[in-house]
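Fold and geometry: a report
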Amino acid sequence: MSDFSITEYVSNGVENIVKSAVKATLSNPAESLFMAKFAIASKNASKKRSKAEQNGEHIPAFLIASITSSCNLHCAGCYSRANHACSDSAPVCQLSAEDWKRIFTEAEEIGVSFILLAGGEPMIRRDVIETAGEFGNIMFPVFTNGTMIDERYMTLFKKSRNLLPVISIEGKAENTDNRRGKGTYEKIISSMDSMKKDGILFGASITVTTENLEEVYSDSFIESLIEKGCKTVFYVEYVPVTEESSHLAPDNEHRDIADKKLLRIREKYSEMVFISFPGDEKESGGCVAAGKGFFHINSHGGAEPCPFSPYSDVNVKETSLRDALKSELFRKLQENGTMNEEHKGGCILFEKRAEVEKYLNEVT
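Residues numbered from 1 in each chain as written. Predicted model: local features only at pLDDT ≥ 70, side-chain atom pairs only at ≥ 80, totals over all residues. Heavy atoms only, no water.

The subject of this paragraph is the overall build of the protein. Helix and strand content of the protein: 15 helices and 9 strands. Residue burial in the protein is summarised as follows: out of 364 residues, 55% are buried. A sequence separation of at least 24 residues applies to 72% of the contacts in the protein between residues at least 6 apart. Entry remark: accessible area of the protein is about 16,200 Å², with carbon and sulfur atoms responsible for 51%. (Helix = DSSP H or I, 4+ residues; strand = E, 2+ residues; numbered from the N terminus. Buried < 20%, exposed > 50% of the residue type's maximum accessible area, 1.4 Å probe, protein only. Contact = heavy atoms within 4.5 Å. Areas by Shrake-Rupley, 256 points an atom, 1.4 Å probe, with all protein chains shown as cover.)

Another point: helix 7 (residues 173-180). Of the residues making up helix 7, those classed as buried are T176, D177, R179 and R180. Turning to helix 7, the residues buried within the fold contact strand 4 (163-168), helix 8 (184-197) and strand 5 (203-208). Looking one or two places after helix 7, you find G181, whose phi comes out positive at around 110°.

Moving on, we come to the side chain of R49. Residue position: R49 is located in helix 2 (residues 29-54). A polar atom in the side chain of R49 sits 3.2 Å from the side chain of S113. (Polar contact = N/O pair within 3.5 Å; in protein donor to acceptor, adjacent residues only side chain to side chain.)

Before going further, it helps to spend a moment on the packing of helix 8 against helix 10 (residues 219-228). One can describe the packing of helix 8 onto helix 10 by two numbers: an axis separation of 9 Å at closest approach and a directional angle of 45°. Our classification of the angle between helix 8 and helix 10 gives oblique. In this structure, helix 8 uses I189, M192, D193 and K196 to contact helix 10, whose residues at the interface are L225, E227 and K228. In the contact of helix 8 with helix 10, the residues fall into 3 nonpolar, no polar and 4 charged. (Axes fitted to C-alpha atoms, helices over the stretch in contact; angles between N-to-C directions. Parallel < 35°, antiparallel > 145°, perpendicular 65-115°, else oblique. Nonpolar A, V, L, I, M, F, W, Y, C, P; charged D, E, K, R; others polar.)

Among the residues of helix 13 (residues 328-335), L329, F330, K332 and L333 are the ones counted as buried. Angularly, the buried residues of helix 13 cover 165° about the axis, an arc narrow enough to put them on a single face. Elements in contact with the buried residues of helix 13: strand 9 (303-304), helix 12 (321-324), helix 14 (348-351) and helix 15 (353-363). For helix 13, the N-terminal cap is S327; the gap from its side-chain oxygen to the backbone nitrogen of L329 is 3.1 Å. Just past helix 13, the residue G337 takes up positive phi, approximately 80°. (Arc of directions from axis to C-beta.)

Counting buried residues in strand 6 (residues 232-237) gives 6 out of 6 residues, a clear majority hidden from the surface. In strand 6, alternate side chains face the same way, and those of T232, F234 and V236 on one face and V233, Y235 and E237 on the other are all buried. Bridge analysis of strand 5 against strand 6 gives 6 bridges, and the strand direction is parallel. When the bridges of strand 6 are listed, T207 appears paired with V236. Looking at chain direction, strand 6 and strand 7 (residues 273-277) are connected through 5 bridges and run parallel. If you follow F234 over to strand 7, its bridge partner there is I275. (Pairing = 2+ DSSP bridges.)

Below, the discussion takes up the packing of aromatic side chains. For the coordinates displayed, the defined rule picks out 10 aromatic pairs. Through successive ring pairs, a cluster of aromatic residues spans F34, F38, F62 and F114. One cation-aromatic arrangement involves R126 over Y153; the distance from NZ or CZ to the ring centre is 4.2 Å. The ring of F350 carries R353 above its face, with NZ or CZ at 4.3 Å from the centroid. (Phe/Tyr/Trp six-rings, centres within 6.5 Å; stacked < 30°, edge-to-face > 60°. Lys NZ or Arg CZ within 6 Å of the ring centre and 35° of its normal.)

Honestly, it's all geometry; don't read function into it.
Written as structure tokens, this is what we have:
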């Protein structure tokens with residue numbers, strides 16, 4: 001891996017996602033037109049990143065933005081709540097829609113192609129999502145629990161095709177309701193039906209545990225998503241929040257099974273896009289957080305390595321997005337090899353959080 005280029009890996013990944021999405025939307029003229037335009041924008045953004053790389057500056061293609069700390073659900077084993085990044089108390093000092101507009105503008109200028117909107121529940125911040133819709137050169141996957149998609153949002157999604165709803169689902173009804181609350185699965189399916197009816201491109205996000213692994217990679221489940229109109233699936237490995245929940249986290253044996261199943265379904269269902277985290281990072285030579293392939297901005301503006309590593313030495317309220325990428329914490333994590341070390345699986349920075357805290361103390 002000594003000659004590995006993270007820029008080439010991420011750039012190729014972005015282009016492959018776009019190409020797959022274009023293929024997946026050929027029967028939908030509105031989506032196909034947008035994806036064709038976005039393919040051009042994505043190539044232009046890639047050129048900006050390549051030029052920056054030649055000048056000794058690395059710009060990732062992806063950014064994760066947690067636009068709120070509020071959520072209307074209480075999912076079992078929720079990392080955000082356990083980490084106090086999500087709560088029921090009224091948000092304090094969170095970034096405004098204008099703050100996010102500046103961030104999105106800077107992201108477009110430096111060549112960021114994808115900004116994943118998360119939370120909490122991002123649909124609570126309609127003002128920010130409407131703002132994101134104005135930036136047609138950036139794709140915004142909106143990671144939502146799917147329970148707040150109303151007619152106003154449907155109208156927005158039809159108007160702003162760069163907003164891609166990604167609905168969290170844990171498998172079929174039993175697994176989904178067990179984790180997200182009784183009746184959630186029915187609401188999710190209703191939202192999917194509405195989006196299919198209106199020709200809105202959407203995806204699904206699945207937290208993979210030892211309990212649902214077999215189901216979420218099964219033909220019957222994938223085909224049920226296809227029937228609903230889903231075009232993209234994100235598999236996210238469960239990160240345990242307590243020792244009591246550690247049995248839900250996949251081990252190496254489970255990961256090997258999941259990798260084989262993922263390869264099979266990618267070949268069988270080529271009309272869909274399947275993304276695995278952190279599984280797809282193996283090809284990149286390790287974790288791609290802390291600005292290597294992406295980084296995270298929390299709802300208060302703190303620039304963090306990733307959502308599972310909530311440590312920050314710089315805030316975008318006080319600096320530009322470009323300068324935030326020069327974070328001393330990010331630099332230490334990249335140079336000291338922490339992100340490439342052997343680990344049990346899931347998020348290495350969560351597992352190595354004591355080391356991350358040590359580096360944070362050194363730079364603050």
